[in-house]
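An overview of the molecular structure
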Amino acid sequence: MGKITLTINGRQVSGKDGATILDLARENNIAIPTLCHHPLLTPSGACRVCVVEDESNGRLIASCVTPITPGMAIKTDSPMAISARRLFVELLLAGHPDSCLVCDKGNRCELRKLASELEISRLRFKRLRRFYSLDNSNPFIERDLTKCILCGRCVKACHEIQGVTAIDYAYRGFDLKPATFQDRGLAESPCVSCGLCVFLCPVGALSDKSTRNLGKETSKVRTVCPYCGCGCSLYLSVRDQRILGVSPCPENSVNGISLCVKGRYGFDFVHHPDRLKSPLIKKNDEFAEASWDEVLGLVASKLASYKPEEVAVISSARCTNEENYVAQKFARAVLGTNNVDNCARLCHAPSVAGLAMSFGSGAMTNSINEIRNAGCILAIGTNTTEAHPIVGLGVKRAVNNGAKLIVADPREIDLVRFSHIWLRHKPGSDVALLMGMAKVIVDERLLDNSFIKERCENFEAFKKSLKGFSLEFAQEATGVEKEKLVEAARIYATEKPSSILYCLGITEHSHGTDNVIALANLAMLTGNIGKPSAGVNPLRGQNNVQGACDMGCLPEVYPGYQSVTDPDIRTKFEAAWGCKLNPTPGLTMTEMFDAAYRGELKALYIIGENPLLSEPDISHARKALEKLEFLVVQDIFLTETAKLADVVLAGASFAEKDGTFTNTERRVQRVRQAIAPVGNSKPDWWITNQLGQRLGAKGFEFSQPSEIMEEITSLTPSYGGISYKRLEGGGLQWPCPTKDHPGTPILHTQQFTRGKGRFIPVEYKPPMELPDKKYPLVLTTGRSLYQYHTGTMTRKVEGLNVLKGEGEVELNPADASKLRIKDGEKVKVSSRRGEVLAKARVTETSPVGVVFMTFHFAESPTNMLTNPALDPVAKIPEYKVCAVRVERGEK
Ligand code: SF4
Ligand code: SF4
Ligand code: SF4
């Protein structure tokens, strides 16, 4: 693109062809006021406040929509421009209520600020106002369109950034306004309560209910969202040790100005009255508050009384890296056991195992902000807009940019609306689908031969294994018409770069590792790896599940995936930690529960997890926990699991401590303390540190998390170059081995972590439990946008409960009619392991024969039903498929 030279206010400036006058002025620090404009939205020139004078013809032009041309002579502050600007602002003020003193926007109102800059003290025009009733229907957002200045930012944000289109312009002329379909309340629209329109509204027409009457913050603390693995940056507004509100942090590369409803509004849990404010000891079946001295002494002495094989630690994907590091160090160096695991076992253990076998590294290969530039996206087993909303925005943006989207999911998830092809395969038939696609790619010679030859191994064996995956077989196994399968394979192989996004729909199967390997094969086959906007991208669920794995909260590896069975590595850790280390890999989380059930595991220290809702076959998990001789739970609320504990240690929330989280794209980011820990709660790293010290161990004298990070980086090659100082700039993606390494946005660019990428043949195996006469339906499980994991935090946020407050059983109208079940009716869902009551939701979203439930609600604990059958490699349970029966009525 060529450069164009012109003058602005007599200064010669040049800019890119296609830039607007406003773009160029801002690049050169020349101020032009705006109201409707935002750099991330397409310009509309609606408010005209940005008018400037074209000196060549004496005309006024809107600078936000006028492209620069050679030789232009622009005056931004000519008397004519200023006078017109004043006129436009006065007209806006004439239609705007005179209620600034009581308006919630206060001195953040852009209209008021502009009026004052233009020294408008009195209006020349008669006030001509429109009156609308308040829309209070959404639990978080208030709409007072009487104050609307029709800038259009909300409409554009909802369409262009969110891709939701909950609002648009309605009516004409004087009655024009942004409205929902049929001008109903926001709650009756498809609005997902992301709050972006509120953030962008220049006046008080849209406002957050949560910040109402709370006054102005005294500080804003940049930190990371405590919910999903996207790892969005945000600011916490704080005053008097309270979080007043949340706003996005536009200068970050993950989420820019976007957040989802949980990150934007889901922070009330921090100050919830039910927060644990003191450690508790159970005496005669009742919890009593105790001093830290007493509980730490008790826990230390009890844990020390067990042999290494009798004790285990479950660490937390919600806690910081530093806390996870200390937890696994405590298990290994103090308790002498490798029995340490985290909830990745229940979500992405097959990614860690499968991608490590194929590529040598089990993490997302590419970065979130590359997704928008993909040529093709294969989204399989990921309800992205609900579980990873910010990644979902990237997918929608890619489609807007012309990408072809292939959605493979049994349910008609939101992304299907944006897809070019929807492969509605049967739950658990992923290997047949992916190997079928691979066969088409090989048969039609759409493969990348030079990539395969130069970068991969074992291709011939893989090619041979495809023989069993004829289109007829794939169609039969998956239920997808073969023509669609062929088309999907062609698109994936040719519309490069092709990016694979996947989540628990791929991993939570008895053959989850095979599913992951099949995806890796597909990417290697087409050379879609090690390149921008391509790759194989597991979307990690919890905020720091990636970090918990990186920190070695896994039974077979130390931090940085260094094997506990490798004598050299063990020697390195023994020297650093000053102890002898156990060479035998420990128990996985699922094996811990079985060992506890058998009476072999006697004591368990659970940090920030709630397995009594998240484990499969909850009845079995409960019995296992009840058989323990000593259970200690560290959490911020008295969860279902904590209620069973002998001792409860009161931890601090994300807002009350320093540290780092590692998001799904391997980005290590700073978590910053905004308020003091509530009551007498303590940061998790402090608690585990104290336990280590009480047991006489050396190396637990950390006085702050940055010291822990220094130890992490000294022992973990992939984190070697990370320091708090370097993270000030916004995060670094591992591998970052040295202090001057810039981090690694894309893995496997030159060679795979293991050297050559390995093609691994896989066989199709159906799910372990299929429907039969007694249990004729398939149950599959997933997440809701409005709740998070076992609901420990989100259930404490009133507004989120308004938006989604109870578990539902989604079933297809055909099944509902056969079972004579009506929408909204209470139904009983039973499997071989238990039964659950929940409300029926009759919807085409679920295919015939398949029912769907989320697992967030203790009142309808879905995991009473799920199958604990394990993937033999990753030991993940088969949450995604089990056989159930659905009946009307109460138990
Ligand atoms: S909150 Fe988000 S989804 Fe709802 S109207 Fe505003 S921008 Fe659209
Ligand atoms: S509600 Fe706010 S953002 Fe939307 S058009 Fe009106 S003033 Fe602009
Ligand atoms: S997308 Fe995830 S990380 Fe981002 S705001 Fe929502 S829950 Fe938080």
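Here is a short report on the structure shown in this document. Throughout, a residue's number is its position along its own chain's written sequence, starting from 1. By the order in which they are written, chains take letters starting at A while ligands take numbers starting at 1. The model is predicted, so local features are restricted to residues of pLDDT at least 70 and side-chain atom pairs to those at 80 or more, both for listing and for counting; the totals for chains, interfaces and linings are taken over all residues. Processing note: side-chain calculations cover all non-hydrogen atoms of the structure and skip hydrogens and water entirely.

**Things to note about the pairing of strand β7 (residues 167-170)**
Inclusion rule: Two strands qualify as a pair provided DSSP detects at least 2 bridges between them. Put simply, DSSP marks the helices as runs of H or I at least four residues long and the strands as runs of E at least two long, and each gets a number from the N terminus on.
One ladder, built from 4 bridges, connects β7 with strand β8 (residues 177-180); its direction is antiparallel. For D168, the partnering residue across the bridge sits in β8 and is A179. Turn length for the β7-β8 hairpin, with the two strands adjacent in sequence and antiparallel, is 6 residues, and the turn residue Y171 shows positive phi of about 65 degrees.

**Digging into a positive patch on the surface**
As a reminder, the rule being used: Only residues above 30% relative accessible area that lack a salt bridge enter a patch, with like-charged residues linked at up to 9 Å and the nonpolar side chains Val, Leu, Ile, Met, Phe, Trp and Tyr linked at up to 5 Å. Computed with a 1.4 Å probe, the accessible areas rest on the Shrake-Rupley method; for each residue, only the protein chains presented here act as cover. We define a salt bridge as a contact between a side-chain nitrogen of Lys or Arg and a carboxyl oxygen of Asp or Glu at a distance within 4 Å. Think of it this way: Lys and Arg go in the positive column, Asp and Glu in the negative one, and His and the chain ends go nowhere. Just so you know, the charge point we use is NZ for Lys, CZ for Arg, CG for Asp and CD for Glu. Using a 1.4 Å probe on the protein chains alone, a residue whose accessible area is under 20% of its type maximum counts as buried, one over 50% counts as exposed, and one in between counts as partly exposed.
Together, R445, K463, K464 and K467 make up a positively charged patch on the protein surface. Tracing the chain through its elements places K463 in helix α14 (residues 459-465). The exposure class of K463 is partly exposed, given its relative accessible area of 37%.

**Things to note about the side chain of T180**
Using the following cut-off: We call two N or O atoms a polar contact when they sit within 3.5 Å, provided that within protein one can donate a hydrogen and the other can accept it, with sequence-adjacent residues counted only if both atoms are side-chain atoms. Whether two residues touch is decided by their heavy atoms; if any such pair falls within 4.5 Å, the residues are in contact.
Inspection of the secondary structure assignment puts T180 in strand β8. A polar side-chain atom of T180 sits 2.6 Å from the main-chain carbonyl oxygen of R184. Among all residues touching T180, those that are not within four sequence positions of it are R143, A166, I167, G185, L186 and S189.

**Describing helix α9 (residues 349-358)**
Summarising burial for α9: 7 of the 10 residues are buried, a large majority. Restricting attention to buried positions, one finds in α9 the residues A349, P350, S351, V352, G354, L355 and S358. Count one or two residues on from α9 and you reach G360, which has phi positive near 100 degrees.

**Focus on the site of ligand 1**
We apply this condition: Nearness is defined per residue: one heavy atom within 4 Å of the molecule or strand is enough. Note on residue classes: Ala, Val, Leu, Ile, Met, Phe, Trp, Tyr, Cys and Pro are nonpolar, Asp, Glu, Lys and Arg are charged, and everything else, Gly too, is polar.
All residues in the neighbourhood of ligand 1 are listed as I141, C158, V164, I167, C191, V192, S193, C194, G195 and C197. Along the lines of polarity and charge, the residues of the shell around ligand 1 split into 8 nonpolar, 2 polar and no charged.

**Side note on the packing of α9 against helix α18 (residues 512-525)**
Which entries qualify depends on this criterion: Note on method: axes are straight lines fitted to C-alpha atoms, helices fitted across the in-contact stretch only, with angles between N-to-C directions ranging 0 to 180 degrees. The labels follow the angle: roughly parallel below 35 degrees, roughly antiparallel above 145, roughly perpendicular from 65 to 115, and oblique for the rest. Here a crossing is called left-handed whenever its near helix is offset anticlockwise from the far helix by less than a right angle, and right-handed whenever the offset is clockwise.
The N-to-C vectors of α9 and α18 enclose an angle of 45 degrees; their axes lie 8 Å apart at closest approach. Between α9 and α18, the angle is such that the two are oblique. Crossing of α9 against α18: the hand is right-handed. Contacts between α9 and α18 involve P350, S351, A353, G354, L355, M357 and S358 on the former and, on the latter, G512, T513, V516, I517 and A520. Its residues assigned to classes, the contact of α9 with α18 shows 7 nonpolar, 5 polar and no charged.

**With respect to the site of ligand 2**
The environment of ligand 2 is formed by C148, I149, L150, C151, G152, C154, P178, C201, P202, V203, A205 and L206. A breakdown of the residues in the shell around ligand 2 according to their chemical character gives 11 nonpolar, 1 polar and no charged.

**Notes on the sheet that holds strand β19 (residues 421-423)**
With parallel pairing, 5 strands are arranged side by side in an open sheet as β19-β18-β17-β21-β22. Bordering the open sheet on either side are β19 and β22 (536-538), each of which pairs with just one other strand. Across the sheet, the mean angle separating the axes of adjacent strands is 15 degrees when strand polarity is ignored. Both strand β17 (residues 376-380) and strand β18 (residues 404-408) contribute to a ladder of 5 bridges, which runs parallel. Directly across from C376, in β18, lies its bridge partner K404. The sheet strands contacting helix α16 (residues 482-494) are β17, β18, β19 and β21 (498-502), and the helix crosses β19 at an angle near 120 degrees.

**Points about the packing of aromatic side chains**
For clarity, the cut-off: Pairing of aromatic side chains here covers Phe, Tyr and the six-membered ring of Trp, requires ring centres within 6.5 Å, and sorts the geometry by plane angle: under 30 degrees stacked, over 60 edge-to-face, intermediate tilted.
Overall, the coordinates contain 19 aromatic pairs when judged by the stated rule. Judged by centre distance (6.2 Å) and plane angle (75 degrees), the rings of Y325 and W577 are edge-to-face. Of this pair, Y325 sits in helix α8 (residues 321-334) while W577 sits in helix α20 (residues 567-577); the two residues are 252 residues apart in sequence, bridging distant segments of the chain. You can call W577 buried: its relative accessible area is 4%. Ring plane angle 65 degrees and centroid distance 5.3 Å describe the contact between F459 and F759, whose orientation is recorded as edge-to-face. Placement of the pair is F459 in helix α14 and F759 in the loop between β31 (757-758) and β32 (777-782), with a sequence separation of 300 residues. Since its relative accessible area comes to 12%, F459 is described here as buried. Taken together, the aromatic side chains of Y227, F269, F654 and Y788 make up a single cluster linked through ring pairs.

**Focus: the packing of helix α12 (residues 430-443) against α18**
Orientation of α12 relative to α18, taken along the N-to-C sense of each, is 15 degrees, at an axis distance of 9 Å. Considering the angle they form, α12 stands roughly parallel to α18. Note on packing geometry: the crossing formed by α12 with α18 is left-handed. The residues of α18 that touch α12, namely those facing D430, V431, L434, M437, A438, I441 and V442, are D514, N515, A518, L519, L522 and L525. Within the contact of α12 with α18, the residues separate by chemical class into 10 nonpolar, 1 polar and 2 charged.

**Some thoughts on the sheet that holds strand β16 (residues 340-341)**
The strand order β14-β13-β27-β26-β25-β15-β16 describes an open sheet built from 7 strands, whose pairing is mixed. A single partner strand is all that each edge strand has here, and the edge strands are β14 (286-289) and β16. Looking at chain direction, strand β15 (residues 311-314) and β16 are connected through 2 bridges and run parallel. Note that in β16 the partner of V313 across the bridge is V340.

**A closer look at the pattern of salt bridges**
Under the criterion given, the structure shown has 43 salt bridges. As a salt-bridge pair, R490 and E444 come within 2.8 Å of each other at their nearest N and O atoms. Residue R490 is found in helix α16, and its partner E444 is found in the loop between α12 and α13 (449-455); the two are separated by 46 residues along the sequence. A relative accessible area of 41% means that R490 is categorised as partly exposed. For D658, the salt bridge identified is with R670, shortest N-O distance 3.7 Å. With a gap of 12 residues between them, D658 in the loop between β27 (647-650) and β28 (659-662) and R670 in strand β29 (residues 667-671) connect regions that are remote in the sequence. When salt bridges with common partners are traced through the structure, they connect E769, D772, R832 and R833 into a single cluster.

**Things to note about the environment of I529**
Secondary-structure assignment places I529 in the loop between α18 and β22. As a C-alpha pair, I529 and F752 span 223 residues in sequence and 9.2 Å in three-dimensional space. The contact partners of I529, leaving out residues within four places of it in the chain, are F359, T365, F451, A523, A534, G535, V536, H748 and F752.

**Structural notes on unusual backbone geometry**
A cis amide bond, omega 0 degrees, links K496 with the succeeding residue P497. Structurally, P497 is set in the loop between α16 and β21. The linkage connecting W734 with the following residue, P735, adopts the cis geometry, with an omega of 0 degrees. On the secondary structure map, P735 appears in the loop between β30 (732-733) and β31. At R48, a residue that is not glycine, the phi angle is positive and equals roughly 65 degrees. Judged by relative accessible area, which is 36%, R48 ranks as partly exposed.

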